[in-house]
Structure formats: C-alpha cells, structure tokens
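Commentary on secondary and tertiary structure
Here is what each chain is made of, one letter per residue.
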Amino acid sequence: GTFVELHVGRRATCAKTADAVWYCWGWNNNGRLRPLTDVVVAIPKAVDFFEQDGPDDLVLLGANHACLTRGSQLFCQGSNRYAQSLAEVSRSLDGVASILSVTAGANHNCLVVGLQNGMEDVRCFGDNTWGQSGGGRGIDADVQRPVLPTDAVVEVHVSERTSCVRLMDRKKMK
C-alpha cells in the first residue's frame, strides 16, 4: 500500500499506510515495538501497538520507548526509567479534548493538546534532568501538568535534551 506518514526515532522507523496499518523496523530495545519480539527487526513488519481495537492516529519513537495517540488518549510502551512511558498504561488526559501533536526526545515527550474549554496546552513528561520537560530541573515531569498554557502554539520540537515551542504571537501567552 501507499505510505502516508513516516516517523523516525533513534535506531527505529515506523511508517503508516493509507489503510492505517503501521509498519516498523529497526532496533526493538526495551520492547518499544511490541508486540514484535525480535531485538532487531530487519525488514518492515506490521505492528498493532498495544493490540487495541481502533486505528492508531500517531506513533512517536523515543530512544527507548514508543507512544501513540488515539483521540484524546495516549499509550506508551518500552522503557519507563524516566516516567516517559507513563508506566505503560493508556491514559486519558484531564480536561483534554484532543491530542493535536506529539513529539519525542530521547527519554521525554511533549504534546500539544486541545482542551475542552477551547484553549491549548503544551504538556511534556519524562526525563527532566536538564529541564527539558518543564517545571524545574531534575524532577521527572507528569503529563497532567501544563508546561505552557496558550492558544497560540504553532509547533513543538524536541531533541535528546531540549524542548522548544514556536508560538504565533508571544502576546497571547497566558
């Protein structure tokens, strides 16, 4: 089939077909490409993350974990050393109507979420050794705490130890 989406992480890649099937290949460290059991997935294999019913909207790959969104829910698996996998459970986010975008660093993630009140939040969670998840340095962050409440988020980018947000208009920050 035709691939419509591609996500590249550290040592692994996933691509989504027009039929909403995800194919992944690369290093399956810490079981982040479950249910695949191979340590090295040398050729693309279909992956049904979490073996849940329904289409997976978006997959992201960190260094040691993978997350996917489905509506306003977030599912993560793999290493949870820095709380980046939310203890490998599906999680409904308080007050969130939808997950607009999500991106992964090595051991942390950031999301732009649409709230039920029409506003947007940036929420980051996981490793916060360098302050990359917000809320002060050194304390691993919880996804329920907004990092940057705003209705002007254009995009969020993260790298191994940093997170950056681009806003439409700095004056709109609350």
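Structural data are supplied above this passage.
Let me sum up the structure you'll find in this document. In this text the structure is predicted, and so the values were computed from the model without any measurement. (Residues numbered from 1 in each chain as written. Predicted model: local features only at pLDDT ≥ 70, side-chain atom pairs only at ≥ 80, totals over all residues. Heavy atoms only, no water.)

What follows covers the overall build of the protein chain. The helix and strand tally for the protein chain stands at 0 helices and 14 strands. Listing the helices and strands of the protein chain from first to last along the sequence gives β-β-β-β-β-β-β-β-β-β-β-β-β-β. Of all 174 residues assigned to the protein chain, the portion counted as buried reaches 48%. The contacts in the protein chain between residues at least 6 apart in sequence include a share of 37% that link residues at least 24 apart. When the accessible area of the protein chain is evaluated, it comes to approximately 8500 Å², of which 51% is carbon and sulfur surface. (Helix = DSSP H or I, 4+ residues; strand = E, 2+ residues; numbered from the N terminus. Buried < 20%, exposed > 50% of the residue type's maximum accessible area, 1.4 Å probe, protein only. Contact = heavy atoms within 4.5 Å. Areas by Shrake-Rupley, 256 points an atom, 1.4 Å probe, with all protein chains shown as cover.)

We now examine unusual backbone geometry. With the exception of glycine, most residues fall at negative phi, and the peptide bonds are largely trans. Of note in the backbone geometry, R11 takes a positive phi value of approximately 65 degrees without being a glycine. On the secondary structure map, R11 appears in the loop between β1 (3-9) and β2 (12-17). When its relative accessible area of 53% is taken as the criterion, R11 is described as exposed.

A separate point is the state of the cysteines. Taken as a whole, this structure holds 3 disulfides when the rule is applied. Paired by a disulfide, C14 and C24 hold their sulfur atoms 2.1 Å apart. Taking the sign of the S-S torsion, about 110 degrees here, the bridge from C14 to C24 comes out right-handed. Remark: C24 occurs in strand β3 (residues 22-27) and C14 occurs in strand β2; sequence separation between them is 10 residues. Each of the two residues, C14 as well as C24, counts as buried. Between the sulfur of C67 and that of C76 lies a disulfide, 2.1 Å long from S to S. Across the S-S bond linking C67 and C76, the dihedral sits near 105 degrees, which makes this disulfide right-handed. A relative accessible area of 0% means that C76 is categorised as buried. By sequence order of its bonded cysteines, the protein chain has the disulfide arrangement 1-2, 3-4, 5-6. The thiol sulfur of C164 is not disulfide-bonded, and the nearest other cysteine sulfur, from C110, lies at 9.5 Å. (Disulfide = S-S within 2.5 Å.)

What describes a pair of aromatic rings is the distance from one ring centre to the other and the angle between the planes of the rings. Counted by the stated rule, this structure contains 1 aromatic pair. On the basis of an interplanar angle of 85 degrees and a centroid distance of 6.1 Å, the ring pair of F3 and Y23 is categorised as edge-to-face. Residue F3 is located in strand β1, and its partner Y23 is located in strand β3; the two are separated by 20 residues in the primary sequence. Here F3 falls in the partly exposed class, since its relative accessible area comes to 47%. (Phe/Tyr/Trp six-rings, centres within 6.5 Å; stacked < 30°, edge-to-face > 60°.)

Time to look at a nonpolar patch on the surface. Nonpolar side chains collect at one region of the surface, where W27, V39 and V40 lie side by side and expose about 280 Å² of accessible area between them. Take V40: it is sitting in strand β4 (residues 40-47). The class for V40 is exposed, based on a relative accessible area of 56%. (Patch = residues over 30% accessible without salt bridge, like charges linked within 9 Å, V, L, I, M, F, W, Y side chains within 5 Å. Salt bridge = Lys/Arg side-chain N within 4 Å of Asp/Glu carboxyl O.)

Grouped together as the largest cluster of nonpolar side chains are 14 residues, with contacts concentrated most on C14, C24, L33, F49, V59 and L61. The residues contacting L33, other than those within four sequence positions of it, are C14, C24, W27, N28, V41, V47, F49, L61 and Q77. Grouped together as the second largest cluster of nonpolar side chains are 13 residues, I99, A104, L115 and F125 included. (Core = buried A, V, L, I, M, F, W, Y, C linked by side-chain atoms within 4.5 Å.)

Inspection of the secondary structure puts Q132 in the loop between β11 (120-126) and β12 (148-150). Reaching out from Q132, the side chain makes a polar contact with the backbone nitrogen of W130 at a distance of 2.8 Å. Excluding anything up to four places from it in sequence, Q132 contacts H108, D127, E160, R161, T162 and S163. (Polar contact = N/O pair within 3.5 Å; in protein donor to acceptor, adjacent residues only side chain to side chain.)

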